[in-house]
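Residue strings, one per chain:
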2 protein chains.
Amino acid sequence: MTGDELVSLLAALASPHRLRILAALTDGRTYVSELARRLRMNRPLLYMHLQKLEAAGLVTGELVTAADGSSVKYVEAVPFVVTLDLDAIAAAAPTVTLPGPAADKGK
Amino acid sequence: MTGDELVSLLAALASPHRLRILAALTDGRTYVSELARRLRMNRPLLYMHLQKLEAAGLVTGELVTAADGSSVKYVEAVPFVVTLDLDAIAAAAPTVTLPGPAADKGK
DNA sequence: TCCGGCCGTCAGATTTCTCTGACACCCCCC
DNA sequence: GGGGGGTGTCAGAGAAATCTGACGGCCGGA
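Residues numbered from 1 in each chain as written. Chains lettered and ligands numbered in written order. Predicted model: local features only at pLDDT ≥ 70, side-chain atom pairs only at ≥ 80, totals over all residues. Heavy atoms only, no water.

Some thoughts on the protein's contact with DNA strand D
Moving on, step 1. Close to DNA strand D lie 21 residues; Ser33(A), Arg37(A), Tyr47(A), Lys52(B) and Asp68(B) are nearest.
Moving on, step 2. Close to the protein, within 4 Å, the atoms of DNA strand D are drawn from sugar and phosphate at a rate of 72%.
Moving on, step 3. The separation between a phosphate oxygen of DNA strand D and a polar main-chain atom of Lys73(A) is 3.1 Å.
Moving on, step 4. Here a phosphate oxygen of DNA strand D and a side-chain polar atom of Arg18(B) are 3.2 Å apart.
Moving on, step 5. Elements with a contribution of two residues or more to the surface near DNA strand D: helix 3 (32–39), helix 4 (43–55) and strand 3 (71–77) of chain A together with helix 2 (16–25) and helix 4 (43–55) of chain B.
Moving on, step 6. Element by element, the count of residues in the surface near DNA strand D is highest for helix 4 of chain B, at five residues.
Moving on, step 7. Among the residues making up the surface near DNA strand D, the classes are represented as nine nonpolar, six polar and six charged. (Near = heavy atom within 4 Å. Polar contact = N/O pair within 3.5 Å; in protein donor to acceptor, adjacent residues only side chain to side chain. Helix = DSSP H or I, 4+ residues; strand = E, 2+ residues; numbered from the N terminus. Nonpolar A, V, L, I, M, F, W, Y, C, P; charged D, E, K, R; others polar.)

Listed below in structure tokens is the structure:
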């Protein structure tokens, strides 16, 4: 795993909402609106968090179109295991791209 | 470990700079200014990151006063091991305090 | 006395992340 | 046609994290 991937993964997990989302998905897959109700959060907000989790590879979304034509998006948690310690960090650190000096010389 | 502690830990690690800091400290302890030079970052910035790492319990600082009276602050990485998976998250999620609706009813 | 190195902190500008409300579109049932 | 439930996206307000430059204090050596 590259350093950037590790940072993305950690950033994705370092959020109360996203932790709760993942926890709710351990009970099995659900669709977005139902999940929003269960967690008591606005759908747009939930969408943002789901996108981050999906970008980090922690959840997968599947848009299912029923026989009648109505669509429902099911979300599912992706199993994973990551062990964090100083060695893992030392191995990943050399491959991180730092924030960049925001090289905005263009006065 | 509580959910909030987990979030703090992850937030502390989810940063390119802080990853590099920890990696640099695996070579052994150093003092702040030397570390700033090695990582090519401003000292105040390094200070902020060190404080976050220290708050998360990932590093310890020790202000050493030499025989001649000059002071140097040594920084050291604290060994740790954390395994992340869905079970760990499901266990921690119920104990997180969410951002709060910023209950600012006071119009 | 004037440098040089180190520590610690501050105000302030910037960038990034969060969160909300509103909108457009699709489908079925009354 | 008028609800009700779904998905998906947008602009913009608000809060939080990041980064820089400057200041002040302490100590030794030229």
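There is more to say after this.
A few points about the interface of chain B and chain A
Many authors give the size of an interface as the accessible area that is lost as the parts come together.
Moving on, step 1. If you look at the interface, chain B gives 31 residues, while chain A gives 31 residues.
Moving on, step 2. Across the chain B to chain A interface the summed buried area is about 2800 Å²; carbon plus sulfur atoms make up 86%.
Moving on, step 3. Counting the surface chain B buries against chain A, the share from its top three residues, Leu19(B), Leu84(B) and Leu86(B), is 21%.
Moving on, step 4. Where chain B packs against chain A, one counts two residue pairs in polar contact (both at pLDDT 80 or more).
Moving on, step 5. Counting only elements with at least two residues in the side of chain B that touches chain A, the list comes to helix 1 (3–13), helix 2, strand 4 (81–85) and helix 5 (86–92) of chain B.
Moving on, step 6. Here strand 4 (residues 81–85) of chain A pairs with strand 4 of chain B via five bridges, running antiparallel. Across the sheet, Val81(A) pairs through a bridge with Asp85(B), a residue of strand 4 of chain B. (Contact = heavy atoms within 4.5 Å. Buried area = accessible area lost by both parts, 1.4 Å probe. Pairing = 2+ DSSP bridges.)

Observations regarding the protein's contact with DNA strand C
Moving on, step 1. Neighbouring DNA strand C are 22 residues; Lys52(A), Asp68(A), Ser33(B), Arg37(B) and Tyr47(B) lie closest to it.
Moving on, step 2. The contact atoms of DNA strand C, taken as those within 4 Å of the protein, divide so that sugar and phosphate hold 74%.
Moving on, step 3. Contact distances for DNA strand C include 2.3 Å between a phosphate oxygen and a backbone N or O atom of Asp68(A).
Moving on, step 4. Only helix 2 (16–25) and helix 4 of chain A together with helix 3 (32–39), helix 4 and strand 3 (71–77) of chain B provide two or more residues apiece to the surface near DNA strand C.
Moving on, step 5. Considering each element in turn, the surface near DNA strand C owes the most residues, five residues, to helix 4 of chain A.
Moving on, step 6. Class assignment of the residues belonging to the surface near DNA strand C gives a composition of ten nonpolar, six polar and six charged.

Points about the pattern of salt bridges
Moving on, step 1. Tallied over the entire structure, the rule returns five salt bridges over all chains.
Moving on, step 2. The salt bridge partner of Glu34(A) is Arg37(A), with a shortest N-O separation of 3.4 Å. With Glu34(A) and Arg37(A) both in helix 3 and three residues apart, this pair spans about one turn of that helix.
Moving on, step 3. Taking relative accessible area as the criterion, Glu34(A) reaches 25% and is therefore assigned partly exposed.
Moving on, step 4. The class of Arg37(A) is exposed, set by a relative accessible area of 51%.
Moving on, step 5. Put simply, Glu34(B), Arg37(B) and Arg38(B) are held in one network by salt bridges that share partners. (Salt bridge = Lys/Arg side-chain N within 4 Å of Asp/Glu carboxyl O. Buried < 20%, exposed > 50% of the residue type's maximum accessible area, 1.4 Å probe, protein only.)

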